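Examination of the molecular architecture
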Amino acid sequence: LALTLQRSGALHVDTLYVQAWFGWFLHRSSRRDEAWSLLLAADQALTQASFPPFTDNTVKANLLYALVAEGRFDEAEPLLDMMIVRFQKIADGKNWLLVNFLRQQALQRLGQGRVAQAELSLAEAWRRHDELTPEQRRSATDALALTAARFAVARGDADGALRALARLQQRGADEAATPWPDALAARALQAQVLLLQQRDGPARAA
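Throughout, a residue's number is its position along its own chain's written sequence, starting from 1. Local features in this predicted model are restricted to residues of pLDDT 70 or higher, and side-chain atom pairs are both shown and tallied only at a pLDDT of 80 or more, whereas totals for entire chains, interfaces and linings draw on every residue. Just so you know, side-chain values use all the structure's heavy atoms and leave hydrogens and water out.

Details of the packing of aromatic side chains
Note the threshold: In this scheme Phe, Tyr and Trp rings, the latter by its six-membered ring, pair at centre separations within 6.5 Å, and the angle between planes marks the pair as stacked below 30 degrees, edge-to-face above 60, and tilted otherwise. Strands here are runs of E lasting at least two residues and helices are runs of H or I lasting at least four, both read from the DSSP assignment and numbered beginning at the N terminus. Exposed residues in this analysis have more than 50% of their type's maximum accessible area, buried residues have under 20%, and partly exposed residues fall in between, with area computed by a 1.4 Å probe over protein chains only. Each ring is checked for a lysine NZ or an arginine CZ that lies within 6 Å of its centre and within 35 degrees of its normal; such an atom marks a charge sitting over the ring.
By the definition in use, this model includes five aromatic pairs. Consider the rings of Y17 and F54, whose centres lie 5.8 Å apart with planes at 20°: the pair is stacked. Of this pair, Y17 sits in helix α2 (residues 13-28) while F54 sits in helix α4 (residues 53-69), and the two are 37 residues apart along the sequence. Seen from their ring centres, F22 and F25 are 6.3 Å apart, and the 20° between their planes marks the pair as stacked. Linking F22 with F25, this pair stays in helix α2, spanning three residues, or about one helical turn. With a relative accessible area of 31%, F22 lands in the partly exposed category. Through a chain of ring-to-ring contacts, the aromatic side chains of W24, Y65, F87 and F101 assemble into a single cluster. The cationic tip of R72 hangs over the ring face of W36; the distance from NZ or CZ to the ring centre is 4.5 Å.

Describing the nonpolar core
Our working definition: By nonpolar core is meant a set of buried Ala, Val, Leu, Ile, Met, Phe, Trp, Tyr and Cys residues that side-chain atoms within 4.5 Å join together. Whether two residues are in contact is decided by their heavy atoms, any of which lying within 4.5 Å being enough.
By size, the foremost hydrophobic cluster in this structure holds 45 residues, and its most contacted members are L64, F101, L122, L146 and L165. Sorting the residues of this core by element identifies α3 (32-45), α4, α5 (73-88), α6 (96-111), α7 (115-130), α9 (141-154), α10 (158-165) and α12 (181-196) as the ones contributing at least two each. Examining the composition of this core, we find that eight residues originate from one element, α9, more than from any other. Setting aside its immediate chain neighbours within four residues, L64 contacts A76, L79, L80, M83 and F101. Ranked by size, the runner-up nonpolar core spans seven residues in total, among them A20, A42, A45 and F51.

Right, here's the structure in full:
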């Protein structure tokens with residue numbers, strides 16, 4: 001970020017790209033004050049010059065991820081609606097980012113207590129996902145499967161949660177040996193499924 005600021009200045013596509021992704025990285029690392037400083041500055045910069053759609057989408061997407069992650073669902077709603085409309089127009093909606101934003105919308109609606117609408121968003125995300133090529137799905141499958149499993153656990157559907165977790169992509173031996181975040185999330189969800197099945201001992205072990 002320091003290098004691109006020095007070389008290109010604050011109002012440059014490279015700077016905003018790095019700033020947006022670095023902001024989201026900091027947010028995921030629990031450095032939220034620093035994260036919001038970068039994310040909001042990048043969003044403000046969009047109003048000060050003309051940028052290509054890719055830059056605008058990158059900044060808005062990372063801002064959106066942070067809002068949903070913090071449970072700021074009302075603030076996220078208009079931004080989510082906008083992004084879904086945008087990506088419905090790209091490749092006739094056959095792109096993994098549309099799947100991702102529909103998944104985020106499901107979480108946002110669930111957070112607002114709009115359960116039936118959240119389920120509709122999740123179902124639409126799966127429908128769009130299944131229209132993609134296997135290569136296109138790689139970026140969307142795991143997050144969508146984990147979200148579907150969370151929904152199933154929330155409604156007490158152990159079998160539905162297991163079916164969702166079964167859709168997680170298989171990892172090679174090297175990757176499987178590393179505790180990557182999605183694998184840990186899946187293990188936690190498996191523990192919740194075991195609790196739903198009243199298998200307390202295996203749940204504690206998981």
